[in-house]
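Chains, contacts and geometry: an overview
Chain by chain, the residues:
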Amino acid sequence: MAQPRNYGFEEEAGMLKDSARRLFAERLPSDRLHALVAAEYDPDRAPAVCWDEALWQEMVGLGWTSLAVPERAGGLAMPWVAVAGLVEESGRAAVPAPLLVTLQVTALLRELGPAADSALAEIAAGCAATVACMDEVGRAPATGVRVVDGKLSGVAPWVQDAGKSSRFLVLAEDPDGSAAWYWVAGDAAGLQQRRDQILDLTRDQASLVFEGVACERIAAASSDAWRAAETVMLMLLSAEMVGAAEWQLQTTVDYAQQRQQFDRPLGFFQAVKHQLVNVMLAVDESKSLLYSAACALDHEPERARELALMAKASAGDTAGFASGRAVQCHGGIGFTWECYVQLYFKRQEHSRRLYGDAASHRAELARILVDRAA
């Protein structure tokens, strides 16, 4: 089946994207974001969870946590291309909120079948959730958590936005050695969080320590379910990086138009102008691949995996390129704590490595294409 015109991005999706941009522009401009997450300059400060809970509740009130939840569980079941537009705007504003991780958990729960409907209903009602399924070096799916006497024990590292989430979807090893997904309340007895010191100021990361934690078994783990869910996760992460790169480009263009050097705007000089044009081309490439992947999830599921890999690899390269050019074109101020560019630089570096970097995605893509040819 061919992809529809304009990636299937209908009027409703455009309205969602526009409303998100207006909300973030009003409630979280760059100066307010900086004051929220970077108020304290101290390289030895303790890891903190910095976010605007009132803004998150407003996002919940708009129904954003229910967008990808099936109708049978009380959700809106909007197409992935519409959800991608929302996440792109979230990335553009570098919103410190559990929107991305909640949508990623939604994608995984959808693959687990009707047994996950109660958890999906909680998300539709506004519950923030994140997934715990990585090993010590960030590979997924993996687990260091086991089920002992019906409760969870062990450690789950690399959990994203753990401090902002009220539910965790945990991959754990059952007594028979198989793996299954478990739904855990964030305030469950015996559950502790060890916060990580990470580069990104707009997110938090933690290791979850389970000591006899009560849990609800959702479903047995399967490689097919994880692969399908991870495809969506990669697409959503690509959307966030593309949005952040758009902010980096526009902010740097604005600065180049205002900053005077040798009695001319900085953007007058070709050494600056050509770099920004190259960033624009990279953003456009990544954005095309992003929406092609999102559209494939809606209309061409047999192509979704390869397109999601392409989108994440391209978005990762663009994120690094846009970050470097933004800092360089801002000159000496680009390296300072007071400059908002540093927030996006750090967020992009974190995002590039989540669920694999560009090299690993291209390697998997090559295997898919070679196997198909064979």
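For the structure given in this document, a descriptive report is provided here.

Rules and cut-offs
Residues numbered from 1 in each chain as written. Predicted model: local features only at pLDDT ≥ 70, side-chain atom pairs only at ≥ 80, totals over all residues. Heavy atoms only, no water. 1 Å grid on protein atoms, 1.4 Å probe; cavity = no way out; pocket = protein on both sides within 12 Å on 5 of 7 lines; lining within 4 Å. Points joined across faces, edges and corners; volume = space filled by probe spheres on them. Nonpolar A, V, L, I, M, F, W, Y, C, P; charged D, E, K, R; others polar. Disulfide = S-S within 2.5 Å. Buried < 20%, exposed > 50% of the residue type's maximum accessible area, 1.4 Å probe, protein only. Helix = DSSP H or I, 4+ residues; strand = E, 2+ residues; numbered from the N terminus. Polar contact = N/O pair within 3.5 Å; in protein donor to acceptor, adjacent residues only side chain to side chain. Contact = heavy atoms within 4.5 Å. Salt bridge = Lys/Arg side-chain N within 4 Å of Asp/Glu carboxyl O.

1. Considering empty space enclosed by the protein
- As enumerated under the stated definition, the model contains two cavities of 30 Å³ or more in all.
- Considering only enclosed or pocket space, the largest cavity measures out at about 100 Å³ in volume.
- Lining the largest cavity are 16 residues, and of these Val 101, Gln 104, Thr 130, Gln 160 and Tyr 355 lie nearest its centre.
- Residues that form the lining of the largest cavity fall into these classes: 11 nonpolar, three polar and two charged.
- Counted as a void, the second largest cavity has a volume near 40 Å³.
- As for the second largest cavity, its lining consists of Ser 90, Val 95, Ala 97, Leu 100, Asp 161, Thr 202, Arg 203, Glu 240 and Arg 347.
- For the lining of the second largest cavity, the residue count by class is three nonpolar, two polar and four charged.

2. Section: the state of the cysteines
- This model, assessed by the stated rule, comprises zero disulfides.
- Free of any disulfide, Cys 127 has its nearest neighbouring cysteine sulfur in Cys 215, separated by 16 Å.
- Note on Cys 127: relative accessible area 10%, which makes it buried.
- Given the relative accessible area of 23%, Cys 215 is considered partly exposed.

3. Re the side chain of Arg 203
- For Arg 203, the position within the fold is in the loop between β6 (191-195) and β7 (205-213).
- Residue Arg 203 is classed as buried on the basis of its relative accessible area, which comes to 7%.
- Here the side chain of Arg 203 touches Ser 351 through a polar contact of 3.0 Å, side chain to side chain.
- Not counting chain neighbours up to four residues away, the residues in contact with Arg 203 comprise Leu 100, Gln 160, Asp 161, Lys 164, Ile 198, Leu 237, Glu 240, Arg 347, His 350 and Ser 351.

4. Some points on the pattern of salt bridges
- Going through the model one piece at a time under the given rule, you end up with 28 salt bridges.
- Here Glu 89 ties to Arg 92 by a salt bridge, and the two come within 3.1 Å at their closest N and O atoms. With a gap of three residues between them, Glu 89 and Arg 92 both fall in helix α4 (residues 80-92), about one helical turn apart.
- For Arg 92, a relative accessible area of 18% translates into the label buried.
- For Asp 317, the salt bridge goes to Arg 362, with nearest N and O atoms at 2.6 Å. Here Arg 362 lies in helix α11 (residues 358-373) and Asp 317 lies in helix α9 (residues 301-329), a separation of 45 residues in the sequence.
- What makes Arg 362 partly exposed here is its relative accessible area of 42%.

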